[in-house]
Structures are given as structure tokens and as C-alpha cells.
Amino acid sequence: MRLAPASDADLTARARIRDTAIVIFGEQGFFIGVRAIAAAAGVSPALVNHHFGSKKSLRAECDAYVLEVVRKAKSEYMRDPTPAGLLTSLAEIEEFAPLIAYIARSYQTGGELATSLFERSVSDAEQYLAEGVTAGTIRPSRDPKARARYLAMVGGGSMMLFLQLRQDADGKIDYREALRDYADEMLLPAVELYTESLLTDRMALDTLLAERERIASPDSPEENQ
């Protein structure tokens with residue numbers, strides 16, 4: 001999944017600035033100034049301000065674009081998973097490196113925009129999981145919102161830890177190499193877990209469901225004492 005079309009000549013100035021900002025933010029952090037982004041994009045700082053108004057607005061547009069690329073890729077696979085599609089995605093996984101670097105940098109930085117990015121990723125997960133349920137490729141959930149949040153948290157957390165452990169002595173990461181290693185090491189056990197499950201009986205699930213029902217019921221014995 002390339003960050004930009006095959007021909008840079010096809011990019012508008014706004015898109016070129018956005019794509020450059022995603023790369024620069026991911027590599028150097030969000031304290032980098034507009035001038036550095038403009039220089040890397042081959043435009044003037046005035047043009048950056050003309051299109052986006054402020055660095056905060058530029059980052060918000062970067063957030064939206066990164067999330068849309070990820071959502072679209074996952075949505076397409078959820079609706080129509082095929083062996084060829086899976087193998088193609090694996091072959092191209094390194095192309096997501098700038099997006100993963102950007103997301104990782106955002107979560108490491110924290111703050112309001114990082115929280116917003118995560119909440120929107122949860123909303124996107126809920127959407128593409130629902131599409132999978134409709135297509136018959138995903139099992140329905142008793143609580144779709146909670147499932148989407150759990151998967152976003154687990155997926156994001158595992159990726160962040162994996163990347164953290166791949167940092168060199170200077171704190172740098174080769175994101176392309178790290179993504180390839182992540183796929184090689186983590187994908188099979190993850191797919192096995194989600195496909196064939198882990199527990200051999202329903203004891204834990206039934207216990208938690210019964211406890212939730214007991215707490216929620218106004219007629220439970222404890223509530224009437």
C-alpha cells in the first residue's frame with residue numbers, strides 16, 4: 001500500500017505536503033516545524049500554511065489519511081478474503097512502513113491528538129468488523145463496540161511493544177524490516193488464535209456472561225437486600 005500514487009507528478013501540492021508530513025512526522029516526531037516539512041516537500045512554508053492553516057490542522061489531515069488507508073485495506077479484506085489477497089498483502093507489507101511509523105510516533109507522543117487517533121481507529125475497526133459480519137467472514141459479537149476496542153488495543157499494543165524492542169542503541173527503527181519480521185513472527189499464531197480459538201470449553205465465558213447478567217438485573221438477590 002503506497003503512501004502516494006506511482007507518479008509523484010500526479011500529486012497535488014496539498015497531497016504532496018500531506019504525504020511528506022506523514023513521513024517526516026513518523027521519522028522525526030511532531031515537534032518538527034513547518035519549514036522543514038515545506039523544504040522536504042519542495043514547497044514554501046507559505047504554501048503549507050495556505051493549504052492547512054496550521055501545523056495542528058496539517059497533523060489532523062495526516063491522521064485522517066493514515067486511518068483511511070488502513071481502514072480501506074482492512075475493509076476490503078474483511079468483505080472478500082482470498083488466498084491471493086492475503087499473499088499480496090504480505091508481499092507488500094513493507095509499504096505500510098511510513099504509516100506505522102506515523103501511528104507509533106503519535107501514540108508515543110500522547111496527548112489529545114493521540115487519543116483522538118486511537119478513538120477513530122476503534123470506530124474504524126467497528127465498521128470493518130461489521131462489514132465482515134455482513135459478508136459472513138466474521139462471527140457476530142455480543143458487544144461489537146467492546147470487541148472493536150479490544151482488538152484495536154491488543155493490535156496496537158502488541159505492535160508498539162514489538163517496535164519498542166526493535167529499537168537500536170540510538171532509538172531508531174527500520175520500520176520496513178520490523179514490519180516484515182512482525183508478519184513473519186506474529187501473523188500465523190494470531191490467525192490460528194482467531195480462527196480456531198484458544199479455550200477448550202465455555203466455562204470462563206459462561207461465568208462472565210452470567211455475572212454480567214446478575215449485576216445488570218434489577219431483580220438480583222443482592223440488589224434487593
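Just above sits the structure.
Residues numbered from 1 in each chain as written. Predicted model: local features only at pLDDT ≥ 70, side-chain atom pairs only at ≥ 80, totals over all residues. Heavy atoms only, no water.

A. Structural view of a nonpolar patch on the surface. Together, Y150, V154, L193, Y194, L198 and L199 make up a nonpolar patch on the protein surface, roughly 650 Å² of accessible area in all. Elements represented by at least two residues in the nonpolar patch include exactly α8 (144-165) and α9 (175-196). Here V154 shows up in helix α8. Assessed through its relative accessible area of 33%, V154 is described here as partly exposed. (Patch = residues over 30% accessible without salt bridge, like charges linked within 9 Å, V, L, I, M, F, W, Y side chains within 5 Å. Areas by Shrake-Rupley, 256 points an atom, 1.4 Å probe, with all protein chains shown as cover. Salt bridge = Lys/Arg side-chain N within 4 Å of Asp/Glu carboxyl O. Helix = DSSP H or I, 4+ residues; strand = E, 2+ residues; numbered from the N terminus. Buried < 20%, exposed > 50% of the residue type's maximum accessible area, 1.4 Å probe, protein only.)

B. Spotlight on the pattern of salt bridges. Summed over the entire model, instances satisfying the criterion amount to 11 salt bridges. Close ionic contact of K145 with E126 constitutes a salt bridge, the shortest N to O distance being 3.4 Å. Of this pair, K145 sits in helix α8 while E126 sits in helix α7 (residues 112-135); the two residues are 19 residues apart in sequence, bridging distant segments of the chain. The partly exposed category is assigned to E126, whose relative accessible area is 25%. Taken together, the salt bridges that share partners define one network made up of R166, E177 and D181.

C. The arrangement of the packing of aromatic side chains in detail. Throughout the structure, instances matching the rule amount to five aromatic pairs. When the ring of F30 is compared with that of Y102, the centres are 5.4 Å apart and the planes differ by 85°; the resulting orientation is edge-to-face. In this pair, F30 sits in the loop between α1 (13-28) and α2 (34-41) while Y102 sits in helix α6 (residues 97-109), placing the two residues 72 residues apart along the sequence. Residue classification places F30 among the buried positions, given a relative accessible area of 7%. Summarising the aromatic geometry, the rings of F162 and Y182 are spaced 5.1 Å apart at their centres and angled 80° between planes, so their arrangement reads as edge-to-face. In this pair, F162 is assigned in helix α8 and Y182 in helix α9, connecting sequence segments 20 residues apart. F162 gets classed as buried once you look at its relative accessible area, which sits at 11%. (Phe/Tyr/Trp six-rings, centres within 6.5 Å; stacked < 30°, edge-to-face > 60°.)

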